[in-house]
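These are the residues of each chain, in order.
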Amino acid sequence: MVQKTVVELKNIRKEFPGVVALDQVNLQLKSASIHALVGENGAGKSTLMKILSGTYTSYEGAVLVKGQEVHMKSERDAFDYGISIVSQELNYVPEMTIAENLYLGREPLKRGCFLNKKERNKKAGELIQMIGMSFDPEMKMGDLSVASRQMIEILKAISRGSEVIIMDEPTSALTNKETEIFFQKVRELKNQGISFVFISHRLEEVFSLCDEYTVLRDGKWIGSGLLKDVNEEKLISLMVGRDIQEIYPPVNPHGDQVVLQVEGLTGDGFEDISFSIRQGEILGFAGMMGAGRSEIARAVFGMDKPTAGTIKMNGKLCHFRSAQDAISAGVAMATEDRASYGFVGVRSIRENIMLPNGDLFTRSGFWQKAKINEAVQTICGNLAVKAPDADTLVGNLSGGNQQKVVLAKWLVRDVKVLILDEPTRGIDVGAKQEIYKLITELAKKGMAILLISSDMPEVLSMSHRVAVIAQGKKIGVLESAEATQDKIMKMIVGADK
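A brief structural summary. The structure presented is a predicted model; accordingly, all values stated were derived computationally and were not measured.

1. What to know about the overall build of the protein chain
In terms of helices and strands, the protein chain carries 18 helices and 24 strands. Taking 497 residues into account, the globule formula puts the C-alpha radius of gyration at 23 Å, and the protein chain, at 25 Å, falls close to it. Each principal axis of the C-alpha distribution contributes one length, and for the protein chain these read about 75 × 55 × 50 Å. Per-residue burial for the protein chain yields a buried fraction of 50% across its 497 residues.

Structural data, given as structure tokens:
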């Protein structure tokens, strides 16, 4: 197949008040290809795609579709030019059927004003069949898996006649198996002539799925090319502007004293879980999404009540009736869904650190402003939080800096056990390196850390020991020297039989 250029962005410049978000950025998308758009958080990827999809209409430079310069004034204009975007947060109505979601607002009519439900279901069925899926068009969207909903969103774009589909972090909530199936369907659509722009922080996915790449850094175009001509190390160096020889810092030796001892813990989604973490040790939890890892963490942190088992801190039996009990005992947790449970986006950095620590920063019911300001300044400096000031809304920060604020609100306390559930999900590689360095420094100071991650290289490289969790049970524990991805996967597969 002869590939032609279907979309070209030339010398794009976009300014917001006081900020140049994009400066002379270029991108060329070919027909029947998957083009990776990569860069750290804040590099300008989303801004560029909002220009291409008609969300931002004020900019300098040129947008060409099939060689013709166009200026889209809305997302509807982008649809008319065959361009659609599938956002990270899917736009669907769970109580409506697949067919209803596919043609919402564009329902086929008969006699000019009556809904033609039969025609709608027929069209939906043809689209579903086109990608080899077997869903009934009258199934509710809420009954589908996340991966299937992603595909329906792509079908919605195709139903509008889109030849270019932008996918922004489409696998962030998918299991490894769902991701594999999803990628296979995307490849099939590419072979049918559809072009994709793929935005992801997961470089292993970029190399697995994509044909070409464009790198943005600090709002500037750094380079483009064929992925077969670069390796991961080269791509990372283009993204961050420096060579990263070792993303993972060396893990320091740990102490002998057991800080956290869990015995026979049983609850919703897990059974008979026992493990210990020593002073300065990082214990990794490896397993597939849905294996019960997060549920175990929530029970240890007092968010959920276990039905059996014991928790000891430094040999003392603990009964955590709430998260506040766990916090008072020196346990802190950064949840996997930081946007819902980790921070309040419409509140400032200062307020996010204040709110869970009223016992530290109040006297006689009044906030101690001087003490708060000193603590916030110190902890944000230690964690290198990048923000204009402590009054910056956390929702306006990059993912990496949001995660630092989540940690900051706990690290103003005397934390003995830190639970980190997917601490680098949705974070760019440069910010990941900073988070990894922070984790090892906390362990070096004697903190016991439970690291839960679906990123296998992360959990292998950052842990002293790795506990393998499958189907709500602990399958085994491996020392770092013997833990490999193959061995862990065989343990998980064996548990599924």
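2. Some remarks on the sheet that holds strand E13 (residues 258-267)
Strand order across the open sheet formed by 4 strands is E14-E13-E16-E17, with antiparallel pairing between neighbours. Bordering the open sheet on either side are strand E14 (270-278) and strand E17 (316-318), each of which pairs with just one other strand. Across the sheet, the mean angle separating the axes of adjacent strands is 20° when strand polarity is ignored. Here 5 bridges tie E13 to strand E16 (residues 308-313), and the two strands are oriented antiparallel to one another. In the sheet register, Val262 faces E16, and the bridge partner there is Ile311. The strands touched by helix H9 (residues 293-300) within the sheet are E13, E14 and E16, with E14 carrying the most contacts at an inclination of about 65°.

3. Notes on the nonpolar core
In this structure, Ile154, Phe275 and Ile419 are the most contacted members of the largest nonpolar core, which totals 114 residues. Dropping the residues within four chain positions of it, Ile154 is found in contact with Val86, Ile165, Met167, Phe182, Val186, Leu189 and Phe196. Core analysis: the second largest hydrophobic core is formed by 26 residues, Leu22, Leu48, Leu52 and Ile83 among them.

4. Considering the pairing of strand E24 (residues 473-479)
Where strand E23 (residues 465-470) meets E24, 6 bridges bridge the pair, whose relative direction is antiparallel. What sits directly across from Val468, in E24, is Gly476. In textbook terms, the turn of a hairpin is the stretch between consecutive antiparallel strands, and for E23 and E24 this stretch comprises 2 residues, one of which, Gln471, has a positive phi near 50°.

5. Quick word on the environment of Gln150
With respect to the helices and strands, Gln150 occurs in helix H5 (residues 146-159). Residue Gln150 is classed as buried on the basis of its relative accessible area of 4%.

6. Digging into the pattern of salt bridges
Applying the stated rule across the entire model yields 24 salt bridges. The shortest N-O distance in the salt bridge between Asp229 and Lys228 comes to 3.5 Å. Residue Asp229 is classed as exposed on the basis of its relative accessible area, which comes to 55%. Glu351 is the salt-bridge partner of Arg347, the closest N and O atoms lying 3.2 Å from each other. One continuous salt-bridge network, built from bridges that share partners, spans Arg13, Glu15, Asp23 and Lys220.

7. A closer look at the packing of helix H4 (residues 117-130) against H5
Remark: H4 packs on H5, axes separated minimally by 10 Å, with the N-to-C direction vectors making an angle of 115°. Two packed elements cross with a definite hand, and for H4 against H5 that hand is right-handed. Each of Leu127, Ile128 and Met130 in H4 lies in contact with H5, whose residues at this interface are Leu155, Ile158 and Ser159. In the contact of H4 with H5, the residues fall into 5 nonpolar, 1 polar and no charged.

Conventions and cut-offs
- Residues numbered from 1 in each chain as written.
- Predicted model: local features only at pLDDT ≥ 70, side-chain atom pairs only at ≥ 80, totals over all residues.
- Heavy atoms only, no water.
- Helix = DSSP H or I, 4+ residues; strand = E, 2+ residues; numbered from the N terminus.
- Rg over C-alpha atoms; globule rule 2.2 N^0.38 Å.
- Buried < 20%, exposed > 50% of the residue type's maximum accessible area, 1.4 Å probe, protein only.
- Pairing = 2+ DSSP bridges.
- Axes fitted to C-alpha atoms, helices over the stretch in contact; angles between N-to-C directions.
- Contact = heavy atoms within 4.5 Å.
- Core = buried A, V, L, I, M, F, W, Y, C linked by side-chain atoms within 4.5 Å.
- Salt bridge = Lys/Arg side-chain N within 4 Å of Asp/Glu carboxyl O.
- Left-handed = near helix turned anticlockwise from the far one by under 90°.
- Nonpolar A, V, L, I, M, F, W, Y, C, P; charged D, E, K, R; others polar.

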